[in-house]
Amino acid sequence: MKFSDFEAAFVRENRILKAFLCGALILSGISTTLVLMGKSYVIYTNGAIFEERLLAEDVCRQGFLSVVSGEPSKTIITPALLAILGRNSMPLPTPTLLKVESLERGACKIIMKSEDTLHAFKVGLIEGNALPFYYQIQQIDEIKIEEKEL
């Protein structure tokens, strides 16, 4: 075999390998782009769970129970409300929580029974990423219990 024939065969094989390499790079680039740019859609049939705000209800429950017990939690209650509670505490004898529900964004409703009387409270929340549990209680107002809740 002559050197010129060997060189021609070598150059021809290199061109084929380069073509395969370019094709493989183009296909992998296209597939990577499609994966990164592609959007996946998830359809969830029970959308009500996204409207419940479960963490807000837990913060309302735990914060309110800590206020009623006489030892307000510093992580769940704002410093302004802690200062008010330091002057005027609101302990209730033997509280029993009956219902905690999310009213609207930034508010919860708590219905509780203390001895033989029912009490309802509207708990105002602030929210933010800097807060330890995303929510903090900023106000507690006693409200009237509606007829349908009895």
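Going by the structure above, here's the rest.
In short, a report on the structure.

### Points about a nonpolar patch on the surface
And step 1. Together, I26, I30 and L34 give the surface a local cluster of nonpolar side chains, amounting to about 310 Å² of exposed area.
And step 2. Tracing the backbone shows L34 in helix 1 (residues 3-37).
And step 3. On the accessibility criterion, L34 (60% relative accessible area) is exposed.

### Structural notes on the sheet that holds strand 1 (residues 95-104)
And step 1. Strand order in the open sheet made by the 4 strands is 1-2-3-4, with antiparallel pairing throughout. Unpaired on one side and paired on the other, strand 1 and strand 4 (135-143) mark the two borders of the sheet. Ignoring which end each strand starts from, the neighbouring axes of this sheet average 25 degrees apart.
And step 2. Sheet topology places strand 1 next to strand 2 (residues 107-114); 8 bridges connect them, and they run antiparallel. Following the sheet pairing, E101 is matched in strand 2 by K109.

### Let's talk about the state of the cysteines
By definition, a disulfide links the sulfur atoms of two cysteines through a covalent bond.
And step 1. Tallying each qualifying case throughout the model produces 1 disulfide.
And step 2. Between the sulfur atoms of C60 and its disulfide mate C108 the distance is 2.4 Å. In this structure, the disulfide formed by C60 and C108 twists by about 85 degrees around the S-S bond and is classed as right-handed. On the criterion of sequence distance, the pair formed by C60 in helix 2 (residues 54-68) and C108 in strand 2 is long-range, its members being 48 residues apart. Comparing C60 with C108, the two get one shared label, buried.

### Description of the pairing of strand 2
And step 1. A large share of strand 2 lies buried, amounting to 7 of its 8 residues.
And step 2. Two elements, strand 2 and strand 3 (residues 117-127), share 8 bridges in a ladder whose sense is antiparallel. Looking across to strand 3, one finds that K109 is bridged to K122.
And step 3. Between strand 2 and strand 3, which follow one another and run antiparallel, lie 2 residues, and E115 among them has a positive phi close to 55 degrees.

### Things to note about the packing of aromatic side chains
And step 1. Considering all chains together, one arrives at 2 aromatic pairs under this definition.
And step 2. When the ring of F64 is compared with that of F121, the centres are 4.8 Å apart and the planes differ by 50 degrees; the resulting orientation is tilted. A residue pair is termed long-range when its members are at least 10 positions apart, and F64 in helix 2 and F121 in strand 3 qualify at 57 residues. With respect to class, F64 is no different from F121; both count as buried.
And step 3. Ring geometry for Y134 against Y135: centres 5.1 Å apart, planes inclined by 85 degrees, an arrangement best described as edge-to-face.
And step 4. Judged by its relative accessible area of 8%, Y135 is buried.

### With respect to the pattern of salt bridges
And step 1. Scanning all chains against the criterion turns up 4 salt bridges.
And step 2. Its salt-bridge partner being D58, residue R61 comes within 2.8 Å of it at the nearest N-O pair. Of this pair, R61 and D58 both sit in helix 2, 3 residues apart, which is roughly one turn of that helix.
And step 3. Taking the relative accessible area as the measure of exposure, R61 reaches 28% and is therefore partly exposed.

### Regarding the nonpolar core
And step 1. Core analysis: the biggest nonpolar cluster contains 21 residues, and C60, F64, V123, L125, I137 and I140 have the highest contact counts within it.
And step 2. Listed by contribution, the elements that provide at least two residues to this core are helix 2, helix 3 (79-87), strand 2, strand 3 and strand 4.
And step 3. Here the element with the most residues in this core is helix 2; it accounts for 6 residues.
And step 4. Apart from residues no more than four positions distant in its own chain, L125 is found in contact with A56, V59, C60, G106, C108, Y135, Q136, I137 and Q138.

Thresholds applied
Residues numbered from 1 in each chain as written. Predicted model: local features only at pLDDT ≥ 70, side-chain atom pairs only at ≥ 80, totals over all residues. Heavy atoms only, no water. Patch = residues over 30% accessible without salt bridge, like charges linked within 9 Å, V, L, I, M, F, W, Y side chains within 5 Å. Areas by Shrake-Rupley, 256 points an atom, 1.4 Å probe, with all protein chains shown as cover. Salt bridge = Lys/Arg side-chain N within 4 Å of Asp/Glu carboxyl O. Helix = DSSP H or I, 4+ residues; strand = E, 2+ residues; numbered from the N terminus. Buried < 20%, exposed > 50% of the residue type's maximum accessible area, 1.4 Å probe, protein only. Pairing = 2+ DSSP bridges. Axes fitted to C-alpha atoms, helices over the stretch in contact; angles between N-to-C directions. Disulfide = S-S within 2.5 Å. Phe/Tyr/Trp six-rings, centres within 6.5 Å; stacked < 30°, edge-to-face > 60°. Core = buried A, V, L, I, M, F, W, Y, C linked by side-chain atoms within 4.5 Å. Contact = heavy atoms within 4.5 Å.

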